[in-house]
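A structural walkthrough
For reference, the chains in residue letters:
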Amino acid sequence: MSADYPSMTTAEIRSKFLNFFEERGLKLYPSSSLVPDDPSLLLANAGMNQFKEYYQGKKTMKEIGAISCQKCVRTNDIDCIGEDGRHLSFFEMLGDFSFGGVSKQQACAWAFELITKEFKLPLDRLYFTVFTEDDETHDVWRSLGVAEDHISRLGEDDNFWAAGPTGPCGPCSEIYFDMGEEVGCGSPDCKPGCDCDRFMEFWNLVFTQFDGDGKGGYTRLANPNIDTGMGLERLACLMQGVDNLFEVDTVRNIMLAVSEKANVKYGEDEKKDISLRVITDHIRSTTFLICDGVVPSNEGRGYVLRRLLRRAARHGRLLGIKGTFLADIVPVVARENFSEYPELTEKLDYIKKVVAIEEERFAATIDSGLDILDSMIKETKAAGADTLPGEDVFKLSDTFGFPVDLTREIALE
């Protein structure tokens, strides 16, 4: 995808976003740790996490709102990471937040100004979605100059946010970029919300303006909140004119290091590309997680880390990499993120040690386990079945220490 607007590095995008809102009176907050000070969260997964008490009214600030660039790890996508270029387990979320000090109209106007005037994204390639019943936001976008055929109305599953069955909730509005017909599904009805790759959602504005009773009744809040989130890597993908997140500057250089280790080139073999994407994504996540104090274990966030490391190690073997290698990629992650996260370099030796120990421990079990699993799969197929017996899976895990989730992934392949 070629860009017909100015290119920007990831660092430049981050800086421009934060400066834009700071100049308009919002207070800049640093990213919180990936290990949140909130027992209800396993890992920090959104920019609004650290502002929860402000949304709840337990804290107040003199400024009209807040801005941040938040480190995030989301675990629900781990299984599909690598299959395409649109998912990352670790990413940075740019966001601006208000707890009653900014109106919906102002939030939309600022978003529109930033993407069209500052980032200079062409209006004819921008598309907007609103909740089916949210005429107010629809009219705001129209007043800013968005054409009617560039606005779609979507239902609750796509454009309505709720913290739970009852309590604060409200409509949201997403901003999409048209990546081009050539990457679409070809349907004349293709539009934002379609599962194809044509329209990339990069910013979501949530308007928490109601108190829901769980029975379909909504009471307007005295102080409506605004919570927006824009994926930094997704915007960088657009600003750098590349087709997927793994070609963004800071991510691409990590993948190049993995490619050199494996002596393969990205873009020549789809199966190898999947492995390159898995390793690149997972080593980014593990480097940040370990830096923030997470260590491999068999439960909670430690298990998330262990799973990421072991999945990356296995894909290294699929690429033909001999021996352990992941610790050698960690310095590249630290270097690519030095300007914003110098702590990765400060803790580099420790991070490498944790990665090396875990990979060596896994290497002791994976080779024998893979051989046994291969035999089990062949026996299952020979018997005319397509499902591994539960006792075989249990034996692999209990006797040989082979992870059940890895057995599941290989069996699916």
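For the structure, see preceding data.
Residues numbered from 1 in each chain as written. Predicted model: local features only at pLDDT ≥ 70, side-chain atom pairs only at ≥ 80, totals over all residues. Heavy atoms only, no water.

Brief notes about the pairing of strand β4 (residues 126-131)
The buried fraction of β4 amounts to six of the six residues, a majority that puts the element mostly inside the structure. A two-sided burial pattern is seen for β4, the buried positions comprising Leu126, Phe128 and Val130 on one face and Tyr127, Thr129 and Phe131 on the other. Bridge analysis of β4 against strand β7 (residues 167-178) gives four bridges, and the strand direction is antiparallel. Of the residues in β7, the one forming a bridge with Thr129 is Glu174. Where β4 and strand β5 (residues 151-154) come together, four bridges link them in parallel fashion. Across the sheet, the residue bridging to Val130 is Arg153, located in β5. For the segment spanning β4, helix α4 (residues 135-143) and β5, crossover handedness is right-handed. (Buried < 20%, exposed > 50% of the residue type's maximum accessible area, 1.4 Å probe, protein only. Helix = DSSP H or I, 4+ residues; strand = E, 2+ residues; numbered from the N terminus. Pairing = 2+ DSSP bridges. Right-handed = clockwise from strand over helix to strand, strands pointing away.)

A word on a negative patch on the surface
On the surface, Glu133, Glu156, Asp157 and Asp158 cluster together into a negatively charged patch. As for its position among the elements, Glu133 is in the loop between β4 and α4. By relative accessible area, Glu133 is classed as exposed at 65%. (Patch = residues over 30% accessible without salt bridge, like charges linked within 9 Å, V, L, I, M, F, W, Y side chains within 5 Å. Areas by Shrake-Rupley, 256 points an atom, 1.4 Å probe, with all protein chains shown as cover. Salt bridge = Lys/Arg side-chain N within 4 Å of Asp/Glu carboxyl O. Lys, Arg positive; Asp, Glu negative; His and termini not counted. Charge placed at Lys NZ, Arg CZ, Asp CG, Glu CD.)

Observations regarding the pattern of salt bridges
Scanning all chains against the criterion turns up 23 salt bridges. Residue Lys104 is joined to Glu136 by a salt bridge in which the shortest nitrogen-to-oxygen separation is 3.2 Å. On the criterion of sequence distance, the pair formed by Lys104 in helix α3 (residues 104-118) and Glu136 in helix α4 is long-range, its members being 32 residues apart. Judged by its relative accessible area of 8%, Lys104 falls in the buried class. Lys261 serves as the salt-bridge partner of Asp328, at 2.8 Å between the closest nitrogen and oxygen. Linking Asp328 in helix α10 (residues 326-336) with Lys261 in helix α7 (residues 249-262), this pair joins segments that are 67 residues apart in sequence. What emerges from the salt-bridge pattern is a single network uniting Lys104, Asp134, Glu136 and Arg220.

Description of the nonpolar core
Generally speaking, nonpolar side chains in soluble globular proteins are found buried as a group. Formed by 105 residues in total, the largest nonpolar core has its most connected members in Ile175, Phe202 and Trp203. Sort the elements by how many residues they give to this core and helix α12 (residues 348-382) lands first, with nine residues. In this structure Ile175 touches Ala111, Ile115, Leu126, Tyr127, Phe128, Trp141, Met200, Glu201, Phe202, Trp203 and Leu205, once residues within four positions along its chain are discounted. Grouped together as the second largest cluster of nonpolar side chains are 10 residues, Tyr29, Ala46, Phe51 and Ala66 included. (Core = buried A, V, L, I, M, F, W, Y, C linked by side-chain atoms within 4.5 Å. Contact = heavy atoms within 4.5 Å.)

Here's the deal with the layout of surface pockets
Over the atoms a probe the size of a water molecule is rolled, and this reveals where empty space is left. Roughly 580 Å³ of volume is contained in the second largest pocket. Forming the boundary of the second largest pocket are 22 residues, of which Arg314, Leu318, Glu409, Ile410 and Glu413 lie nearest the centre. A class-by-class count of the residues in the lining of the second largest pocket yields eight nonpolar, two polar and 12 charged. (1 Å grid on protein atoms, 1.4 Å probe; cavity = no way out; pocket = protein on both sides within 12 Å on 5 of 7 lines; lining within 4 Å. Points joined across faces, edges and corners; volume = space filled by probe spheres on them. Nonpolar A, V, L, I, M, F, W, Y, C, P; charged D, E, K, R; others polar.)

Overview of the side chain of Ser285
Position of Ser285 relative to the elements: it lies in helix α8 (residues 270-291). Of the polar contacts made by the side chain of Ser285, one reaches the backbone nitrogen of Phe90; its length is 3.2 Å. In this structure, Ser285 is in contact with Ser89, Phe90 and Leu308, ignoring residues within four places of it in sequence. (Polar contact = N/O pair within 3.5 Å; in protein donor to acceptor, adjacent residues only side chain to side chain.)

Examining the pairing of strand β9 (residues 218-231)
In this structure, strand β3 (residues 90-98) lies alongside β9, joined through four bridges in antiparallel fashion. Across the sheet, residue Leu94 finds its bridge partner in β9, namely Met230. Between strand β8 (residues 199-212) and β9, which follow one another and run antiparallel, lie five residues, and Gly214 among them has a positive phi close to 85°.

Here's the deal with empty space enclosed by the protein
All chains considered together, the criterion is met by one cavity of 30 Å³ or more. Each pocket or cavity is described by its volume, and for the largest cavity that value is around 30 Å³. Taken together, Leu26, Asp96, Phe97, Ser98, Val102, Ala107, Trp110 and Ile226 form the lining of the largest cavity. Taken together, the elements giving at least two residues each to the lining of the largest cavity come down to β3 and α3. Looking at the lining of the largest cavity element by element, the count peaks at three residues for β3. Residue composition of the lining of the largest cavity, grouped by class: six nonpolar, one polar and one charged.

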